[in-house]
Amino acid sequence: MLTALAPYPSSTFRPTSIRCANDRQALFNRIAPVYDNLNDLLSLGQHRIWKRMAVSWTGAKMGDRVLDVCCGSGDLAFLLSNNVSSHGKVIGLDFSKEQLMVAESRSSSKSCFKNIEWVQGDALDLPFDDGWFDAITMGYGLRNVVDKRKAMQEILRVLKPGSTVSILDFNKSNELLTSSITEWMIDNVVVPVASVYGLSEDYKYLKSSIREFLTGKELEKLALEVGFSTARHYEIGGGLMGCLVAKH
């Protein structure tokens, strides 16, 4: 089910205006039709392993109520769905209607994913009650929000005490070699492959977005500052990717 800009019938959820940067919202709308193919090509399928790791760190289990923020085309939500089973509930939230439509189309024919609801909304103003979720994931979203502190505060607010959020993204490394490899990959692999789909300009933003992102230590510090009790950042994918795991 796709809930796009429509109020929920239950008082548990509230409609919210989307305050995300318009250019980034338009970007993800444009790349939605080929997003999954590009992920497979650019990571040689490794993104599936990284996403499984991110979900496993949340500790999501059967019967849990879980949230995937910036869900995109739904990969993390589908993995969470398997973890919580038919007794649990998954909400996939994204600001891109086109991404959500792709996610919904992928799940519509699979009975095991009937426990997912797709919601168009803002990561900076989550339309959920305090302490509502047993686990939260966020894949390649924190780097793109306009206010990272506010996004982390919102995640903390809707997460139950004692529960965990797992945030997967590119790793901004302090190691010159690792950062050089990342930039070389973007210039010589990512952008050329994206150009085949007519999206080279859209994917050039990656380099600047990673440069402006936080290092693992900075992410840990931010999580603790907003109120998480523990925070640890794991470098994965040879240091090219990272996952922040923080507990309420």
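Residues numbered from 1 in each chain as written. Predicted model: local features only at pLDDT ≥ 70, side-chain atom pairs only at ≥ 80, totals over all residues. Heavy atoms only, no water.

Quick look at the packing of aromatic side chains
And step 1. Evaluated as defined, the whole model comprises four aromatic pairs.
And step 2. Taking 5.7 Å as the distance between ring centres and 65° as the angle between the ring planes, the aromatic pair formed by Tyr140 and Phe170 counts as edge-to-face. Here Tyr140, found in the loop between β5 (133-139) and α6 (148-158), pairs with Phe170, found in strand β6 (residues 159-170); they are 30 residues apart in sequence, far enough to count as distant. Residues Tyr140 and Phe170 agree in their burial class; the two are buried. (Phe/Tyr/Trp six-rings, centres within 6.5 Å; stacked < 30°, edge-to-face > 60°. Helix = DSSP H or I, 4+ residues; strand = E, 2+ residues; numbered from the N terminus. Buried < 20%, exposed > 50% of the residue type's maximum accessible area, 1.4 Å probe, protein only.)

As for the side chain of Asp94
And step 1. Within the element layout of this structure, Asp94 appears in strand β3 (residues 89-94).
And step 2. Of the side chains with opposite charge, Lys51 comes closest to the buried, unpaired Asp94, at an N-O distance of 11 Å.
And step 3. Reaching out from Asp94, the side chain makes a polar contact with the backbone nitrogen of Cys71 at a distance of 3.2 Å.
And step 4. In terms of polar contacts, Asp94 uses its side chain to reach the backbone amide nitrogen of Ser96, at 2.8 Å.
And step 5. Among all residues touching Asp94, those that are not within four sequence positions of it are Cys70, Cys71, Gly72, Gln99, Leu100, Val119, Gln120 and Gly121. (Lys, Arg positive; Asp, Glu negative; His and termini not counted. Salt bridge = Lys/Arg side-chain N within 4 Å of Asp/Glu carboxyl O. Polar contact = N/O pair within 3.5 Å; in protein donor to acceptor, adjacent residues only side chain to side chain. Contact = heavy atoms within 4.5 Å.)

Side note on the nonpolar core
And step 1. Counting residues in each nonpolar core, the largest one holds 32 residues, and the members touching the most others are Leu67, Val69, Ile136, Met138, Leu142, Met152 and Phe228.
And step 2. Of all the secondary-structure elements, those providing two or more residues to this core are β2 (65-69), β3, β5, α6, β6, α10 (216-226) and β8 (241-247).
And step 3. Beyond its immediate stretch of four places on either side in the chain, Ile136 contacts Thr58, Leu67, Val69, Ile155, Val158, Leu159, Thr164, Val165 and Ser166.
And step 4. Core analysis: the next-biggest nonpolar cluster, separate from the first, contains 30 residues, Trp50, Phe78, Val90 and Met241 among them. (Core = buried A, V, L, I, M, F, W, Y, C linked by side-chain atoms within 4.5 Å.)

Comments concerning the packing of α6 against α10
And step 1. Contact geometry of α6 with α10 gives a least axis separation of 9 Å together with a crossing angle of 55°. Taken together, the axis directions place α6 and α10 in an arrangement best described as oblique. The way α6 lies across α10 gives a crossing that is right-handed. Between α6, through Lys148, Arg149, Met152, Gln153 and Leu156, and α10, the contact on the second element is made entirely by Leu222, Ala223, Glu225 and Val226. (Axes fitted to C-alpha atoms, helices over the stretch in contact; angles between N-to-C directions. Parallel < 35°, antiparallel > 145°, perpendicular 65-115°, else oblique. Left-handed = near helix turned anticlockwise from the far one by under 90°.)

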